[in-house]
Amino acid sequence: MTDTHEVTVTSVHQMTPTVEQFVLESDGYRFDFDPGQHTHVHFPRSESPAVDEASGDEDDEVVRPYTATAMPGSERITLAVKRYPDGVASTWMHERTPGDRIEIEELGGNLYLRDLDSDVAFVSTGTGITPMIAMAKQYVREGTGRAHFFFGEKDEENVIYRETLDQLAADYPDFDVTYVLSEADEGWPGAEGHVQDHLADYLDGFGGRDFYVCGVPQMVVDTQDYLDEQGVSDDRVYVEGWEGDEVADDEES
């Protein structure tokens, strides 16, 4: 049986028109995990205003993964959650207010820094940025190489953690940030299009670098394919691991 803990929502912050950040605090439990790993939120399906009658028994438990963006070692974690119009879990989360209690699992997962002495590239889109933010915070404190953070989003209004990333780039000479917008407004001075298409524009070669990739499944798969073409070995590319199956299912449907 999976171990779970009850936590309290202590604050909610609107980050973009569709993303809210939740601060969750335990009652004496210290969160110990590797930055980049995620928890799972549990709640009854019947509590979500986005319940779909066709999705099954509305008394079923809903379990959804969300990544902690705070560092480990305290009784507090933060989650950034994007609300989707028909999202059972995201809609439920966005109705949480300070004082509400939430049931979550211990943190785990495949995204965490493997080698703090290696140069790294973080590649993400949307809320796939959440594990990257946590890993980037760890890397600038403990890493000895260079890091380049690539983030793709639709437009400037939806870029989350921009202030955090810009501050990291300002404070650490070996940390660079590149934003790529797919629907940029006129006058946007940065890169446009798909984030994975700009890696070669900003990286001085691909050898000897670890890549951490998270976001829209198609982007993750496309990035893996591109890095393979560039000669990057699979054991230097880290993803959650489920993205390929989802892309394959979409192609079959």
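Thresholds, definitions, all that
- One numbering rule holds for all chains: residues counted from 1, following each sequence as written.
- Two thresholds apply to this predicted model, a pLDDT of at least 70 for residue-level local features and 80 or more for giving and counting side-chain atom pairs, whereas whole-chain, interface and lining totals are computed over all residues.
- Each side-chain value is derived from all of the structure's non-hydrogen atoms; neither hydrogens nor water enter the calculation.
- Any carboxyl oxygen of Asp or Glu within 4 Å of a side-chain nitrogen of Lys or Arg constitutes a salt bridge here.
- Buried, partly exposed and exposed residues are distinguished by accessible area as a fraction of the type maximum, computed with a 1.4 Å probe on protein chains only: under 20%, between the cut-offs, and over 50%, respectively.
- The criterion is simple. A nonpolar core is a set of buried Ala, Val, Leu, Ile, Met, Phe, Trp, Tyr and Cys residues joined through side-chain atoms within 4.5 Å.
- Numbered from the N terminus, helices here are DSSP runs of H or I no shorter than four residues, and strands are runs of E no shorter than two.
- Between two residues, a contact is recorded if the distance between any of their heavy atoms is within 4.5 Å.
- Polar contacts, as used here, are pairs of N or O atoms within 3.5 Å; protein pairs need one atom able to donate a hydrogen and one able to accept it. Residues neighboring in sequence count only if both atoms are side-chain atoms.
- Where helices are involved, their axes are fitted lines through C-alpha atoms of the stretch in contact, as for all axes, and angles between N-to-C directions lie from 0 to 180°.
- If an angle is under 35 degrees, it is roughly parallel; if it is over 145, roughly antiparallel; if it lies from 65 to 115, roughly perpendicular; otherwise it is oblique.
- Note on convention: near helix rotated counterclockwise from far helix by under a right angle means a left-handed crossing. Clockwise means right-handed.
- Ten residue types, Ala, Val, Leu, Ile, Met, Phe, Trp, Tyr, Cys and Pro, are classed as nonpolar, four, Asp, Glu, Lys and Arg, as charged, and the remainder, Gly among them, as polar.
- Strand pairing follows a simple DSSP-based rule, namely that at least 2 bridges must link the two strands.
- Patch members must show over 30% relative accessible area and no salt bridge, and they are joined within 9 Å when carrying like charges or within 5 Å when they are nonpolar side chains of Val, Leu, Ile, Met, Phe, Trp or Tyr.
- Working definition of accessibility: Shrake-Rupley area with a 1.4 Å probe, residue cover restricted to the visible protein chains.
- Charge counting follows a simple rule: Lys and Arg are positive, Asp and Glu are negative, and His as well as the terminal groups are ignored.
- One atom stands in for each charge, and that atom is NZ of Lys, CZ of Arg, CG of Asp or CD of Glu.

Here we take up the pattern of salt bridges. Pairs can form between side chains of opposite charge whenever their charged atoms are close. As enumerated under the stated definition, the model contains eight salt bridges in all. Notably, a salt bridge pairs Arg162 with Glu156, separated by 2.8 Å at the nearest N-O pair. You can call Arg162 partly exposed: its relative accessible area is 28%. Glu156 sits in the partly exposed class, given a relative accessible area of 38%. Taken together, the shared-partner salt bridges in this structure form one network comprising Arg146, Asp174 and Asp176.

Bringing the nonpolar core into the picture now. Core analysis: the biggest nonpolar cluster contains 28 residues, and Phe122, Ile129, Phe149, Phe175 and Tyr212 have the highest contact counts within it. If you list the elements that add at least two residues to this core, you get strand 7 (119–125), helix 2 (129–142), strand 8 (147–153), helix 3 (162–171), strand 9 (175–181) and strand 11 (209–214). When residues of this core are assigned to their parent elements, the largest contribution, seven residues, is made by helix 2. Not counting the four nearest positions on each side in its chain, Phe122 is found in contact with Leu113, Met132, Met135, Ala136, Tyr139, Ala147, His148, Phe149, Phe150 and Tyr212. If you look at the next biggest cluster of nonpolar residues, it comprises 21 residues, including Leu24, Ala89, Ile102 and Ile104.

Once that is clear, we can look at the environment of Tyr139. Summarising the element assignment, Tyr139 is placed in helix 2. When the C-alpha atoms of Tyr139 and Glu163 are compared, they prove to be 17 Å apart, with 24 residues separating the residues in sequence. Tyr139 has contacts with Leu113, Asp115, Leu116, Ser118, Asp119, Val120, Phe122, Thr144, Gly145, Arg146 and Ala147, leaving out every residue within four places of it along the chain. Reaching out from Tyr139, the side chain makes a polar contact with the backbone nitrogen of Gly145 at a distance of 3.0 Å.

Packing of helix 2 against helix 3 brings their axes to within 11 Å, and their N-to-C directions diverge by 25°. In terms of their interaxial angle, helix 2 and helix 3 are classed as roughly parallel. Crossing hand, helix 2 versus helix 3: left-handed. Of the residues in helix 3, those touching helix 2 at Ile129, Ile133, Ala136, Lys137 and Val140 are Thr164, Leu165 and Leu168. For the contact of helix 2 with helix 3, the class distribution of residues is six nonpolar, one polar and one charged.

With that settled, consider the sheet that holds strand 7. Across the sheet, which stays open at both edges, the six strands sit in the order 10-9-8-7-11-12 with parallel pairing between neighbours. Only two strands of the sheet have a single partner each, and these edge strands are strand 10 (191–192) and strand 12 (237–238). Examined bridge by bridge, strand 7 and strand 11 share six bridges and lie parallel to one another. Residue Asp119 lies in a different strand from strand 11, and its bridge partner there is Arg209.

Before going further, it helps to examine a negative patch on the surface. A contiguous patch of negative charge on the surface is contributed by Asp225, Asp228, Glu229, Asp234 and Asp235. Considering the arrangement of structural elements, one finds Glu229 in helix 5 (residues 217–229). Take Glu229: its relative accessible area is 62%, and that puts it in the exposed class.

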